[in-house]
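Below are the chains, spelled out letter by letter.
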Amino acid sequence: MSRALLSLPLLALVACAGDPGESTVWAQPAGPEPAVPRAAGAGPGVVAPTSESVREPAPALDEKYVSVARKLTAMAEEDTRAWDRLAFVADTFGHRLSGSQALEDTIDWAVETMRADGLANARREKVMVPHWVRGKESAKILGPVERELPVLGLGMTVGTPRRGITAEVVVVDELDQLDVLGETLKGKIVVINQAMPPYDDDNHDSHYGTTVQIRAFGPSRAAKYGAKAVLIRSVTASSLRTLHTGMLSYDEDLPKIPAAAITPEDAEWFARTAARGQTPKVHLELGAKQLPDAESANVVAELIGREKPEEVVVIGGHIDSWDVGDGSTDDGAGCLMAMEAALMLKELGLIPRRTIRVVLFTNEENGLRGGKAYFEAHQGERHVAAIEADVGSGAPWGFGVGDEQAELDALLPFAPLFEGLGAGSFVLGGGGADISPLTKAGVLGLALRPDASHYFDLHHSPADTIDKIAPYHLERNAAAMALMAYILAERELPEPVPETTESEKPAAEKQG
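Residues numbered from 1 in each chain as written. Predicted model: local features only at pLDDT ≥ 70, side-chain atom pairs only at ≥ 80, totals over all residues. Heavy atoms only, no water.

(A) Up close: the sheet that holds strand S3 (residues 147–148). If you walk across this open sheet you meet the eight strands as S3-S2-S9-S5-S6-S7-S8-S4, and the pairing is mixed. Both edges of this open sheet fall to S3 and strand S4 (152–153), since each of them pairs with a single strand only. In the sheet, strand S2 (residues 137–143) pairs with strand S9 (residues 281–286) via six bridges, with the strands oriented antiparallel. Bridged to lysine 140 within S9 is histidine 283. Packed on one face of the sheet, helix H7 (residues 213–223) meets strand S6 (189–192), strand S7 (229–233) and strand S8 (259–262) and runs near 155° to S7. (Pairing = 2+ DSSP bridges. Helix = DSSP H or I, 4+ residues; strand = E, 2+ residues; numbered from the N terminus. Contact = heavy atoms within 4.5 Å. Axes fitted to C-alpha atoms, helices over the stretch in contact; angles between N-to-C directions.)

(B) Here's a closer look at the pattern of salt bridges. Counted by the stated rule, this structure contains 29 salt bridges. Here lysine 256 makes a salt bridge to glutamate 252, at a shortest N to O gap of 3.6 Å. Look at lysine 256 and you get partly exposed, because its relative accessible area is 42%. If you follow the salt bridges from partner to partner, you end up with Lys64, Arg306, Glu307, Arg353, Glu490 and Glu492 in one network. (Salt bridge = Lys/Arg side-chain N within 4 Å of Asp/Glu carboxyl O. Buried < 20%, exposed > 50% of the residue type's maximum accessible area, 1.4 Å probe, protein only.)

(C) View of the packing of helix H2 (residues 63–78) against helix H9 (residues 328–347). At their nearest, the axes of H2 and H9 sit 11 Å apart, and the two run at 115° to each other. Handedness of the H2/H9 crossing: right-handed. Between H2, through Leu72, Met75 and Ala76, and H9, the contact on the second element is made entirely by Met344, Leu345 and Glu347. (Left-handed = near helix turned anticlockwise from the far one by under 90°.)

(D) Region of interest: unusual backbone geometry. Here the amide bond leading from glycine 143 into proline 144 is cis, since omega sits at 5°, within 30 degrees of zero. With respect to the helices, strands and loops of the structure, proline 144 is situated in the loop between S2 and S3. In this model, aspartate 330 is joined to aspartate 331 through a cis peptide bond whose omega is 5°. Here aspartate 331 is to be found in helix H9. Here the phi dihedral of arginine 241 falls at roughly 55°; this positive angle occurs in a residue that is not glycine. Positionally, arginine 241 belongs in the loop between S7 and S8. Judged by relative accessible area, which is 42%, arginine 241 ranks as partly exposed. Of note, asparagine 363 is a non-glycine position whose phi angle comes to about 55°, a positive value. As for its position among the elements, asparagine 363 is in the loop between strand S12 (354–361) and helix H10 (369–378).

(E) Structural context of the side chain of aspartate 320. The topology assignment puts aspartate 320 in the loop between strand S11 (308–318) and H9. As a buried residue without a salt bridge, aspartate 320 has its nearest oppositely charged side chain in arginine 96, at a separation of 7.3 Å. At 3.0 Å, the side chain of aspartate 320 forms a polar contact with the backbone nitrogen of glutamate 364. Beyond its immediate chain neighbours, meaning those up to four positions away, aspartate 320 contacts Arg96, Leu103, Asp330, Asp331, Phe361, Thr362, Asn363, Glu364 and Glu365. (Lys, Arg positive; Asp, Glu negative; His and termini not counted. Polar contact = N/O pair within 3.5 Å; in protein donor to acceptor, adjacent residues only side chain to side chain.)

(F) Seen up close, helix H8 (residues 264–275). Given a rise of 1.5 Å per residue, 12 residues ought to cover 16 Å, and the 16 Å separating the end C-alpha atoms of H8 matches this to within 8%. Every buried residue of H8 is listed here: Pro264, Asp266, Ala267, Trp269, Phe270, Ala271 and Thr273. Directly after H8, the chain includes glycine 277, whose backbone phi takes a positive value near 90°. (Expected span 1.5 Å × (residues − 1).)

(G) Molecular detail of the pairing of S8. Judged by which residues are buried, S8 turns out to be covered on both faces: Ala259 and Ala261 on one side and Ala260 and Ile262 on the other are all buried. Across two bridges, S4 lies against S8 in antiparallel orientation. Looking at S8, one finds that leucine 152 is bridged to alanine 261. Here S7 runs beside S8; their pairing, made up of four bridges, is parallel. Paired with leucine 231 across the strands is alanine 260, a residue of S8.

(H) Spatial organisation of the nonpolar core. The biggest cluster of nonpolar side chains holds 77 residues, and the ones touching the most others in it are Ile315 and Phe418. Among the elements that line this core, the one with the most residues is helix H14 (residues 471–490), at 13 residues. Once you skip the residues sitting within four places of it in the chain, isoleucine 315 turns out to touch Ala338, Ala341, Ala342, Ile356, Arg357, Val358, Val359, Ile387, Met481 and Ala485. Counting residues in each nonpolar core, the second largest holds 28 residues, with Leu154, Val212, Ala222 and Tyr250 among its members. (Core = buried A, V, L, I, M, F, W, Y, C linked by side-chain atoms within 4.5 Å.)

(I) Inspection of the packing of aromatic side chains at higher detail. Inspection of every chain in the model, using the stated rule, returns 12 aromatic pairs. With centroids separated by 5.5 Å and ring planes inclined at 70°, the aromatic side chains of phenylalanine 399 and phenylalanine 418 adopt a geometry described as edge-to-face. Taken together, the residues phenylalanine 399 in strand S14 (residues 396–401) and phenylalanine 418 in the loop between helix H11 (405–411) and strand S15 (425–428) connect sequence positions 19 residues apart. The pair phenylalanine 399 / phenylalanine 418 is uniform in exposure class, with both members buried. Feature note: the residues Tyr65, Phe414 and Tyr486 constitute an aromatic cluster, connected by ring pairs. (Phe/Tyr/Trp six-rings, centres within 6.5 Å; stacked < 30°, edge-to-face > 60°.)

Structure below.
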């Protein structure tokens, strides 16, 4: 059966959390580069065409695609509509944590906006989501000096007892030191001071994937040895004493202990103090609690295909955010890119053969319920491909494509079309958390990949605000998504080969 026209089978979903277990490729590009189609030698995830495709010259691009690229590139130069809308969302609704009224109000706005834009079937699709509430938070260093300690509870943490927790602090530099210290952690508050290395420009690597393990698994690994609470160094390489939250992953077989982020600067203070032989002491209060699941929704709207409307290309991002900042970078930008991409195509009269479906997924940050619910609701449909935008809105760079070399090779000839947008670098490795149920089922996944060299400076922090988004970059990323969606929805693909059932096999074959 062809991957491209896969009619999704009925299968059990593989659990995949939005964060920290999200499938986004964390080795991110540093910025626009010349020379496309992209070849080997530019860092992890960059794969050259096969030897066969190197020997054969790239086929001439159909003038139809060249014309579409020119129109979209020109349109992106003239407009700031996506940024204006994102600013309205940020200023009006603010952050959009799963279970909050702000999230639901934003969902309603998105449905009405795409309906007014003239997209078809604009609607909410019901999803039940976790409803975790942060509550009041505070901490204080009691010794060897006394001062307030800024903290930000990790997503889905349990709260402390009403009177808080007071304990001596043990500092470790990495997760494995917890196993070395073992039972000496009993009754202590553990500070995990594992630093995130600076962005690697040569290899386009943020180091997020390795560093985030302290947030994901640190609390349970410390709880295994009797720790009372965990304070992790915020997962960022650049800090102006900024706190960064994000999802943790409790081991259900171990006690759930309170967990919060502290700033890198404060983590270093604890490390220096401990190195002097002094024993820091902290009082911690977290008011977090888990409420019953709440009703939310994925937002869906469509640009109906002209010839094969039953075949679908999904484009989107996640509409929820953490409850700090206003969520413009993570991932309001991705949502507005998808909305703008569909509208650009509609306004230009560029209706491809297949349907382009905008999906704004709910609850990516602390449950991935939206991505799972979309798969469950639509798994019987033919999905040609899915594009996810969830790495901010830096300068356009390119796309991560699929997980097989042949999938990348098939799209490399189109890369020159994206040069005018700065998005002509195509690399192997595409997808994202919300579309991961689709890609696990065999659907071609792509990731829109802008410059992410400063993405994790803002990620999950109060600094994630609309003023960090450049209107020009946002519009060009939207145009790049529109162009890729059009190509995927328009290009010729082999028809799927129907599976042969046992009853349909010739008698001789059945008998062997």
